[in-house]
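Architecture and fold: a report
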Amino acid sequence: MPVLPAVFLLLALAPAALQRKDKELELTSGRAQPKEEACYDVQRYDLAVRVDPAERRITGRVEMTARWTAASDDFVLDLDDRLEVRSVELRASDAKDTAFAPASFQHHRGEIRIMRAGRDLAIGSDFAVRVEYGGKPREAPNPPWDGGFVWSKTASGAPWIATANQMQGADLWWPVKDQPDDEPASMSIRVTVPRPLVVASNGRLEEVLEDHDCTADEPGGAKSRGWRTYAWRVSTPINAYGVALNIAPYETITREYESVAGDTFPVTYWVLPENVDKGKVLFEDILAQMRQLENLYGPYPFRADKYGVAETPHLGMEHQSIIAYGNQYHGNPWGEDYGFDMLHLHEFAHEWWANLVTCANWNDFWIHEGFASYTQALYAERVKGTPAYFSEMAAMRGGIQNRAAVAPREKRSTAEMYFGDRDGSPGGDIYYKGAWILHSLRWLLGDEQFFPVLRRMAYPDPAGEKLTDGSACRFATTDELRSIAEQHTGLDLGWFFELYLRQPELPTLESSVKGDELEIAWKTPGNRPFPMPVEVRVGSELRRVECPGGRGTLFVGRGAKVAVDPRDWVLRTKE
Ligand SMILES: [Zn+2]
């Protein structure tokens, strides 16, 4: 998701966050997981939903197939109370020909509790639950940050609809296990809308059924004059918040693209009819970004499906294989325009850092946002040169707050991490401080080691770069990044990760020239070890000074012009 503009974050959102009522605080993804939700492992979702723009209403059916993994009387799914559950049916068997039977349930405080269902389920067995529901879903107060359905209109007055729900969770509009660490292996998404609207969603489009309603009673849906169903199939794991609907009278710009892995897949932009000319320019930018990011991080992960971008009435979101783009062709919404679309780049980077590599829990949210933000600087460097890289890093430096550890060890919800409205939560530091930590790691390791470490973080096994069946998707943690970096370099990097990610304070660099020698010393909170090398410019020459034990010296000669860390490689307190 895009970072909040800093001023807005400070002035508007903090008070709003404090004023949120208890009920709204429940609307966050990744709450403490009750045992009734930990007792099963999702295998697949089949989602069918009809979207009625005139009524701002949805009607849906979700079938979840899951494996029963631990004893529990009840089990629960998450669903916002704004929506009404019409029925719940259970099939306590993986045999497809076994009939569903009605199950008793309660829908209360955002939970659908299926009562006593666990008594008939053997551990290790598969079961399925089918939920029929509907109503008026939460309208997003400030998408994409405060999410829900976005009911907008195009310039010509046609419906223009999108979902954005990373912060509050997918349970704003469909019944789901709203936890980051349980993804289905695959998913179908069938969406019925009034003709001539078009639905752009995740995965690959299988068919469009005219005069059809996918939520009607008959299996597979039924005839419904004037409506049409878009049937999408996601062939890989997908995070629940990444499931998205984008609905408008879209036109498409599409091309087959050959991946660095050698296979080809379609790249498609769903553009509003009035923006086709601007869309064609953006489309070339998208393809150029695809090439660079494949070179940096390895092949685009969802080649079995597609790469898609949909023009949305909100700023943007990393919905897997259907990125939401609402930057209105403005280039860089955060700063200097380098001739490419920075918002698209940020969201696109999330295909690797959020969708291929997903944080196992939201306390490692920086793996999504820090890596995506850092991609902005890396890409600027590739297309505009080294000064653009440092300029991007300098722009991000001003946003760092150091209120709390970037990666706390305990489980947190999305909202706690993002807004920092609970003690010990980092807020915007998951973006810019996260990016700066990678920047300093690059300096520490050097480019020859750093870039392979990034790539191995995306694909730990190089053989995984060839896979297209979704088996390369994984959950990752901060500790895994450390271990990949240590394995690759043979270094002990515990000190680096402890200081930068597990506590908030920055190290301070002290330096002085005594006679003809420069002396450097790191001061750290709690006297933590910090053997970080420092770049020093002597005259016009750049030198690297190693600092074992947190101290280093360099012969500079009497009266030499000396600058310590002149390019700002190391994240530290500002003088
Ligand atoms: Zn983001």
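The numbers attached to residues start from 1 for each chain and follow its sequence in the written order. The predicted nature of this model means local features are confined to residues of pLDDT at least 70 and side-chain atom pairs, given and counted, to a pLDDT of 80 or more, with totals for whole chains, interfaces and linings taken over all residues. Only hydrogens and water are set aside; all other atoms, that is, all heavy atoms of the structure, feed into the side-chain values.

Each angle at a metal carrying four tetrahedral donors should ideally be 109.5 degrees, and each at a metal carrying six octahedral donors should ideally be 90 or 180 degrees. Here the coordinating atoms are restricted to nitrogen, oxygen and sulfur within 2.8 Å of the metal centre, or 3.2 Å for Na, K and Ca, and because water is not among them the sites may look incomplete. For the zinc ion, every protein donor is listed as Met 1 (N), Met 1 (O), His 346 (NE2), His 350 (NE2) and Glu 369 (OE), and the spread of their distances is 2.0 to 2.5 Å. Site description for the zinc ion: donor spacing in sequence, M-x344-H-x3-H-x18-E. With Met 1 in the segment before helix H1 (6-19) and Glu 369 in helix H6 (residues 366-384), this residue pair connects regions lying 368 residues apart in the sequence. Judged on exposure class, the residue Met 1 and its partner Glu 369 are both buried. Each helix is a run of H or I in the DSSP string that is no shorter than four residues. Each strand is a run of E no shorter than two, and both are numbered from the N terminus. Three exposure classes are used, based on accessible area relative to the maximum for each residue type with a 1.4 Å probe and protein chains only: buried under 20%, partly exposed in between, and exposed over 50%.

On to the sheet that holds strand S6 (residues 105-108), then. Note: two strands are recorded as paired if DSSP finds a minimum of 2 bridges between them. Spatial ordering of the open sheet is given by S3-S7-S6, a layout of three strands whose pairing is antiparallel. The sheet terminates laterally at strand S3 (75-78) and S6, the two strands that pair on one side only. Geometrically, the sheet is characterised by an average inter-axis angle of 20° between neighbouring strands, direction not taken into account. Sheet topology note: the S3/strand S7 (residues 111-114) ladder contains four bridges and is antiparallel. Across the sheet, Phe 75 pairs through a bridge with Ile 114, a residue of S7. Lines fitted to the C-alpha atoms define the axes, with helices restricted to the stretch that makes contact. Angles between their N-to-C directions range from 0 to 180 degrees.

What follows concerns the environment of Trp 173. Note that Trp 173 resides in the loop between strand S10 (159-164) and strand S11 (186-194). Residues Trp 173 and Gly 134 lie 39 residues apart in sequence; the distance between their C-alpha atoms is 8.6 Å.

Quick look at the nonpolar core now. We define a nonpolar core as any set of buried Ala, Val, Leu, Ile, Met, Phe, Trp, Tyr and Cys residues linked to one another through side-chain atoms lying within 4.5 Å. Formed by 114 residues in total, the largest nonpolar core has its most connected members in Tyr 307, Trp 352, Trp 366, Tyr 500 and Met 532. Membership of the second largest hydrophobic core comes to 59 residues, among which are Leu 121, Val 234, Ile 247 and Tyr 250.

Backbone torsion omega between Pro 143 and Pro 144 reads 0°, so that peptide bond is classified as cis. Relative to the elements of secondary structure, Pro 144 occurs in the loop between strand S8 (126-135) and strand S9 (148-153). With omega at 10°, the peptide bond leading from Arg 195 into Pro 196 counts as cis. Locating Pro 196 in the fold gives a position in the loop between S11 and strand S12 (198-200). With a phi angle near 55°, Asn 402 is a residue other than glycine that sits in the positive phi range. Summarising the element assignment, Asn 402 is placed in the loop between helix H7 (386-397) and helix H8 (414-419). Under the relative-accessibility criterion, Asn 402 is labelled partly exposed at 24%.

In this section: the environment of Ala 435. Within the fold, Ala 435 resides in helix H9 (residues 432-445). Note on Ala 435: relative accessible area 0%, which makes it buried. The spacing of Ala 435 and Tyr 374 is 61 residues in sequence and 4.5 Å in space, taken between C-alpha atoms. Dropping the residues within four chain positions of it, Ala 435 is found in contact with Gly 370, Ser 373, Tyr 374, Met 393 and Met 396. Contact criterion: two residues are considered in contact whenever any of their non-hydrogen atoms come within 4.5 Å of each other.

Here the focus is the pattern of salt bridges. Each salt bridge in this description consists of a side-chain nitrogen of Lys or Arg and a carboxyl oxygen of Asp or Glu lying within 4 Å of one another. All told, the structure shown has 40 salt bridges when counted by the stated rule. Glu 410 is paired through a salt bridge with Arg 412; the nearest N and O atoms lie 2.5 Å apart. According to the relative accessible area criterion, Glu 410 is partly exposed, its value standing at 42%. For the salt bridge of Glu 519 with Lys 514, the shortest nitrogen-to-oxygen distance reads 3.4 Å. Its relative accessible area of 51% is what places Lys 514 among the exposed residues. Among the charged side chains, a network of salt bridges with common partners joins Lys 35, Glu 36, Asp 74, Glu 111 and Arg 113.

Turning next to the packing of aromatic side chains. Note on aromatic contacts: the rings of Phe and Tyr and the six-membered ring of Trp form a pair at centre separations within 6.5 Å, being stacked when their planes are under 30 degrees apart, edge-to-face when over 60 apart, and tilted otherwise. Under the defined criterion, the tally for this structure stands at 43 aromatic pairs. Between Tyr 40 and Phe 127, the aromatic rings sit 6.2 Å apart at their centres with planes inclined by 85°, giving edge-to-face as the arrangement. Of this pair, Tyr 40 sits in strand S1 (residues 40-52) while Phe 127 sits in strand S8, placing them 87 residues apart in sequence. Using a relative accessible area of 2% as the deciding quantity, one classes Tyr 40 as buried. Ring geometry for Phe 149 versus Trp 173: centroids 5.9 Å apart, planes at 90°, classification edge-to-face. With Phe 149 in strand S9 and Trp 173 in the loop between S10 and S11, this pair connects stretches of sequence that are 24 residues apart. For the pair formed by Phe 149 and Trp 173, the shared burial category is buried. Through a chain of ring-to-ring contacts, three or more aromatic side chains come together here, namely Tyr 257, Phe 265, Tyr 297, Tyr 300, Phe 302, Tyr 307, Phe 348, Trp 352, Trp 353, Trp 366 and Phe 371. Between the NZ or CZ atom of Arg 130 and the centre of the ring of Phe 100, over which it lies, the distance is 4.0 Å. Placement of a charge over a ring requires the Lys NZ or Arg CZ to be within 6 Å of the ring centre, with the centre-to-atom vector within 35 degrees of the ring normal.

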